[in-house]
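Secondary and tertiary structure notes
Given next are the chains, with one letter for each unit.
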Amino acid sequence: MYEPVRIAPSILSADFMDLGRDIALIEQAGAGFVHVDVMDGHFVPNLSMGVPLVKQLARATELPLDVHLMVSNPLDQIPWFAEAGADSLTVHAEVLYGDALAQAVEAIHAAGCKAAVSLKPKTPVEVLAPVIGQLDMVLIMSVEPGFSGQSYIEGSERRVAQAASMARAAGASPLIQVDGGIGVATAARVAAAGADVLVCGNAVFAADDPAAALAAVRAEAEAARTYALEAGEGAAAR
């Protein structure tokens, strides 16, 4: 069943002195999610928001909170963010060895959240194989995680297509999300490859008209996805 491409603005690029205004703006503009980047200064070289902010966001918006845990100890932190009000929790495969990846997915579901796994740009998509059937979403990073405003890594759309193909082969249908350097110039490529959810930071919040920018990215993605579906080509032919 076809579902439209959804935009998940990353509030890492929002104005933290007027965050309520920016959240209301993306709600009115038709965002699909609020993307919340949690960074611990260990797994990635940056520190960002934590549990208190997620609690506030849960009270401030009806949009689903898509919480991306860029942390070295996700098994410890899953309960914190689930209790704070996250709707979906994304953990990184790079810090979950052996059975720990499946344990994290199980823990997220047990906490009442949707479960996602993220891959850094150099991590093979094949590491998803043991859990692909249990995932609600896969997040393909198209930049090295840690900082907003980076440029899209060329060829990342091929990894999006690989993840979508792996899911289909397993009889699974997780959303395929992509994050990093996504804007009008790159949205079509990842959407045609099979991306369902596009994380946008500066492309939305740094624009003169963020609502128009969000709409423009979504329109580019929708046009490319529709063309791919009608042509029956690529990973977007779901």
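All values reported here derive from a predicted model rather than from experimental measurement.

**A look at the confidence of the model for the chain**
The share of residues in the chain with pLDDT of 70 or more is 97%, and the mean pLDDT across the chain is 95. Here residues 234–238 scores under 50 on pLDDT; set against residues more than four positions off or in separate chains, the count is 23 contacts.

**Describing the pattern of salt bridges**
Throughout the structure, instances matching the rule amount to six salt bridges. In this structure, Arg 21 and Asp 22 form a salt bridge, with 2.9 Å as the shortest nitrogen-oxygen distance. Exposure remark for Arg 21: the relative accessible area of 43% places this residue in the partly exposed category. Asp 22 sits in the buried class, given a relative accessible area of 6%. Across the salt bridge formed by Arg 189 and Glu 154, the nearest N and O atoms sit 2.7 Å from each other. Placement of the pair is Arg 189 in helix 6 (residues 184–193) and Glu 154 in the loop between strand 6 (137–141) and helix 5 (156–169), with a sequence separation of 35 residues. Note on Arg 189: relative accessible area 30%, which makes it partly exposed.

**So, the nonpolar core**
One finds Ile 11, Val 67, Leu 89 and Leu 198 to be the most contacted residues of the largest nonpolar core, which totals 72 residues. Leaving out residues up to four positions away in the same chain, Leu 198 has contacts with Val 5, Arg 6, Ile 7, Ala 8, Val 178, Ile 182, Ala 187, Val 190, Val 217 and Ala 221. Residues Ala 8, Phe 33, Leu 175 and Val 199 belong to the second largest nonpolar core, which totals seven residues.

**A word on the sheet that holds strand 5 (residues 114–119)**
Think of a sheet as strands paired side by side through backbone hydrogen bonds, with each pair either parallel or antiparallel. If you trace the eight strands from one edge of the open sheet to the other, you get 1-8-7-6-5-4-3-2, paired in parallel fashion. The sheet terminates laterally at strand 1 (6–9) and strand 2 (34–39), the two strands that pair on one side only. Averaged over all neighbouring strand pairs, the angle between strand axes comes to 25°, with direction disregarded. Helix 3 (residues 74–84) rests against strand 2, strand 3 (65–70) and strand 4 (88–92) of the sheet, and its axis sits at about 165° to strand 4. Sheet strands touched by helix 8 (residues 210–231): strand 1 and strand 8 (197–200). Its angle to strand 1, the strand with the most contacts, is close to 140°.

**Examining helix 3**
Along an α-helix, residues three or four apart share an orientation, since each turn contains 3.6 residues. Among all positions of helix 3, only Pro 74, Gln 77, Ile 78, Phe 81, Ala 82 and Ala 84 are buried. Projected onto a plane normal to the axis of helix 3, the buried residues spread over an arc of 150° and lie on a single side. Looking at the packing, one finds that the buried side of helix 3 touches strand 2, helix 2 (51–60), strand 3, strand 4 and helix 4 (100–110).

**Observations regarding the packing of helix 2 against helix 3**
Helix-helix packing is characterised by the crossing angle of the two axes and by the distance between the axes. At a closest axis distance of 8 Å, the pairing of helix 2 and helix 3 adopts a crossing angle of 25°. Overall, the two elements helix 2 and helix 3 adopt an arrangement that is roughly parallel. Packed against helix 2, whose contacting residues are Val 51, Val 54, Lys 55 and Ala 58, the element helix 3 presents Trp 80, Phe 81 and Ala 84 at the interface. Tallied by class, the residues present in the contact of helix 2 with helix 3 amount to six nonpolar, no polar and one charged.

Reading guide: rules and limits
- Residues numbered from 1 in each chain as written.
- Predicted model: local features only at pLDDT ≥ 70, side-chain atom pairs only at ≥ 80, totals over all residues.
- Heavy atoms only, no water.
- pLDDT = per-residue confidence, 0-100.
- Contact = heavy atoms within 4.5 Å.
- Salt bridge = Lys/Arg side-chain N within 4 Å of Asp/Glu carboxyl O.
- Buried < 20%, exposed > 50% of the residue type's maximum accessible area, 1.4 Å probe, protein only.
- Helix = DSSP H or I, 4+ residues; strand = E, 2+ residues; numbered from the N terminus.
- Core = buried A, V, L, I, M, F, W, Y, C linked by side-chain atoms within 4.5 Å.
- Pairing = 2+ DSSP bridges.
- Axes fitted to C-alpha atoms, helices over the stretch in contact; angles between N-to-C directions.
- Arc of directions from axis to C-beta.
- Parallel < 35°, antiparallel > 145°, perpendicular 65-115°, else oblique.
- Nonpolar A, V, L, I, M, F, W, Y, C, P; charged D, E, K, R; others polar.

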